[in-house]
Amino acid sequence: MTSAAASSPADNFSRVPPRTADFTETWASLSPGVDHIMTNLDGLSFPDFTNLYTAVYNFVTVGAGHHAAAPANALGSDLYHKLTEYFTTHFVPMKQAAASLQDEELLRYYAAEWTRYTTGANYLNRPFAYLNRHWVRRERDEGKRTFTRSTRQWKSQFFVHIQKDNAKLAGAVLRLIERQRNGDVIDQGLVKKVVLSFVSLGLDNTDPNKECLDVYKEHFETPFIQATELYYKTESEVFLAENTVSEYLKKAEAWLREEEDRVERYLHTKTRKELIAKCEDVLIRQHAQLQDSFQKLLDDGQDEDIQRVCALLARIPDGLEPFRKRFEGDVTQAGLSAVSKIAGEGAVIDSLDLKVYVDALLEVHHENSETVMRSLDNACREFVNRNGVTGSSSTKSAQLIARHADMLLRKTNKMAEEDLEHALNRIMTLFKYLEDKDVFQTFYTTQLSKRLIHSVSVSDEAEASMISKLEEACGFEYAYKLQRMFTDVGLSKDLTDAFKQSTEQNHGDMEIDFSIMVLGTNFWPLNPPNHDFAIPVEIISTYERFQKYYQSKHSGRKLTWLWNYSKNELRANYLNQKYILMTSASQMSVLLQYNRHDTLSMDELVAATSISQDILSRVLALLVKAKILINDEQDQYDLNPGYKSKKIRVNLNQPLKAEVKAESSDILKSVDEDRKFVIQATIVRIMKTRQTMKNQALIQEVVSQISQRFAPKIPDIKKAIETLLEKEYMERVDGQKDTFAYVA
């Protein structure tokens with residue numbers, strides 16, 4: 001490595017070898033550059049890269065013409081074989097260095113060399129790009145042996161070499177993880193880098209770009225799961241021997257949380273299922289003491305421990321079944337005993353105080369339902385927010401449930417009224433367990449706005465019922481915007497009727513059937529169009545009349561026209577069948593141009609509509625697909641005189657899949673932004689009340705106040721505190737560590 005760094009590769013291949021150079025001369029020119037790339041992280045200068053690329057290109061293309069016995073595919077094979085020989089030599093000093101290293105030193109050396117090697121291999125692809133594009137592809141197509149990629153070279157010549165020594169590399173990783181389990185602080189980034197290299201070394205022979213976990217599973221995951229089982233089997237037995245069951249329950253919960261966190265920090269996500277299942281088996285199923293302790297916990301009234309043991313046993317199949325039977329018997333006996341106390345021996349039913357009797361029954365129910373329901377709530381909260389569909393994202397479930405609610409509340413749903421109400425109640429059962437209720441609120445609000453704008457709600461009564469349920473669950477503020485949206489819709493209907501009446505009195509019958517919705521900016525999750533829009537002449541007079549009418553009624557207000565949400569119906573008068581075309585504003589603007597022209601170019605349509613060419617091309621593509629327009633010549637669009645459809649009313653206003661995806665992404669971004677302000681506002685409110693608070697107490701109070709809306713992350717709270725310090729809403733107290741004071 002030192003000798004390679006002593007001279008620039010440009011000294012060795014500043015001249016490209018002659019186009020007729022043979023293999024020996026070509027490789028003599030290439031090898032210094034290859035060595036420089038593989039031993040230096042700074043890559044090549046542009047002239048050096050050009051020389052290397054040209055040498056490879058000339059040898060494979062021109063060389064084939066000068067070596068009749070060696071066609072291009074054979075020459076390509078020669079180059080790749082030479083590269084393989086180079087890698088073999090390249091790994092020799094690395095093997096020697098690794099042989100003398102152990103544990104963390106070995107991991108650091110391995111990670112550093114992996115970074116150097118993969119960076120060099122990526123650089124090396126560039127000057128050999130022509131060979132990769134043509135020779136490698138041809139070899140693959142013909143079913144012959146292809147170039148052994150750089151990762152395979154690393155795996156076969158270096159990785160496997162280290163692993164043969166009693167799984168030396170994987171063993172070093174496992175010992176480092178065990179140190180962390182024992183409480184030591186380790187370099188998690190180092191573990192992640194080494195573990196991810198195991199993943200990268202798995203290659204699918206049929207598809208090189210497809211992730212293959214064979215190496216990861218064989219060399220790391222399998223021994224890791226085995227080591228985990230052995231570790232927790234020993235630790236759990238020792239802990240139970242020295243501590244109470246109550247303490248063990250807390251410890252088992254902590255261990256399970258640690259392993260969940262471990263997956264997030266440096267393991268492959270597909271390890272999670274098997275790892276957690278193994279931990280649950282060792283920490284819960286294999287300890288009969290947990291089930292045996294249930295009766296004592298019930299007798300002692302240790303509700304928190306009962307919740308813990310129920311939550312733990314709920315994680316394993318049929319784990320709660322013995323508890324259920326035992327608990328059922330205990331509650332039955334408790335109920336019988338309570339009734340016996342108030343009735344006495346041989347009591348006469350007619351003389352029994354019915355209120356006392358009912359109260360006694362309810363008291364037993366109340367005492368035991370709280371114990372069981374808290375455990376049920378904890379278990380449900382976990383699987384509702386994090387499951388096989390959502391992965392580790394707690395926002396996904398909120399999105400899916402909000403979308404299901406949208407489906408239920410659309411006209412397309414043909415449920416009976418009673419069934420719909422039952423379905424909405426089921427939604428609310430799940431809603432109770434959502435951690436990110438603000439995500440549900442934002443998605444639900446967006447979908448409600450669409451139902452109201454496009455008049456596709458199943459009924460006003462069903463919408464009002466759902467809003468009432470949300471208000472009951474989360475308070476007036478949570479549902480306030482939803483209620484205001486309904487108010488705006490009602491006012492808009494009255495406004496449309498009044499405008500039509502005024503127009504008929506002053507101008508006679510309206511030229512077009514027109515309805516308007518005036519919506520409050522603060523309540524509707526709507527954005528103005530992100531492109532220009534020229535109002536078609538056919539509707540300009542109605543547009544101007546409404547502008548004047550509205551300003552006469554509300555002089556201080558400004559209207560922002562949301563053409564991107566409008567719906568339009570056009571009648572195709574040029575055909576024998578008078579089709580009704582339901583369109584977006586952009587589609588309407590395009591089609592109305594054909595009132596004056598039979599054919600228009602892309603440039604003419606851009607000029608007439610003011611819509612950008614990028615958006616207009618998508619609009620035109622949809623109209624061509626629907627066969628309303630014909631696009632036989634490039635950038636030329638003709639009205640189709642022979643258009644036919646089985647339906648009289650043709651819906652052309654279909655959202656693009658890309659737009660739907662972008663909308664979901666935008667909603668989540670807006671949620672993140674709103675959360676920043678919610679956290680900041682909560683901190684200011686708390687500090688205004690308390691005046692001074694320590695950092696940890698403030699964080700706990702913020703979590704307590706916001707957790708009903710969403711689960712705030714500690715780093716986000718700390719960032720909000722720093723922001724408020726910069727804005728001088730609060731300040732640090734001199735002489736007191738981690739204490740803040742409110743600035744009035």
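The structure presented is a predicted model; accordingly, all values stated were derived computationally and were not measured.

**A closer look at the overall build of the protein chain**
Consideration 1: Of the regular secondary structure elements, the protein chain holds 31 helices and 9 strands.
Consideration 2: Residues classed as buried in the protein chain amount to 41% of the 744 residues present.
Consideration 3: Just so you have it, the protein chain exposes about 41500 Å², and 50% of that area is on carbon and sulfur atoms.

**A word on a negative patch on the surface**
Consideration 1: Taken together, Glu-417, Glu-418, Asp-419, Asp-460 and Glu-461 make up a surface patch of like negative charges.
Consideration 2: For the negative patch, the leading source of residues is helix H21 (residues 417-431), giving 3 residues.
Consideration 3: Here Glu-417 shows up in helix H21.

**Quick notes on the environment of Tyr-216**
Consideration 1: Within the secondary structure, Tyr-216 sits in helix H12 (residues 214-242).
Consideration 2: For Tyr-216, a relative accessible area of 0% translates into the label buried.
Consideration 3: The contact partners of Tyr-216, leaving out residues within four places of it in the chain, are Val-195, Phe-198, Val-199, Glu-221, Leu-267, His-268 and Thr-271.
Consideration 4: Among the polar contacts listed, one links the side chain of Tyr-216 to the backbone nitrogen of His-268, at a separation of 3.2 Å.

**Remarks on the packing of helix H10 (residues 168-181) against helix H11 (residues 188-200)**
Consideration 1: Axis separation between H10 and H11 bottoms out at 11 Å; the angle between their running directions is 145°. As H10 packs across H11, the resulting crossing turns out to be left-handed. Residues Leu-169, Ala-170, Val-173, Leu-176, Ile-177 and Gln-180 of H10 pack against Gln-188, Val-191, Val-194, Val-195 and Phe-198 of H11.
Consideration 2: The class makeup of the residues in the contact of H10 with H11 is 9 nonpolar, 2 polar and no charged.

The rules behind each value
Residues numbered from 1 in each chain as written. Predicted model: local features only at pLDDT ≥ 70, side-chain atom pairs only at ≥ 80, totals over all residues. Heavy atoms only, no water. Helix = DSSP H or I, 4+ residues; strand = E, 2+ residues; numbered from the N terminus. Buried < 20%, exposed > 50% of the residue type's maximum accessible area, 1.4 Å probe, protein only. Areas by Shrake-Rupley, 256 points an atom, 1.4 Å probe, with all protein chains shown as cover. Patch = residues over 30% accessible without salt bridge, like charges linked within 9 Å, V, L, I, M, F, W, Y side chains within 5 Å. Salt bridge = Lys/Arg side-chain N within 4 Å of Asp/Glu carboxyl O. Lys, Arg positive; Asp, Glu negative; His and termini not counted. Charge placed at Lys NZ, Arg CZ, Asp CG, Glu CD. Contact = heavy atoms within 4.5 Å. Polar contact = N/O pair within 3.5 Å; in protein donor to acceptor, adjacent residues only side chain to side chain. Axes fitted to C-alpha atoms, helices over the stretch in contact; angles between N-to-C directions. Left-handed = near helix turned anticlockwise from the far one by under 90°. Nonpolar A, V, L, I, M, F, W, Y, C, P; charged D, E, K, R; others polar.

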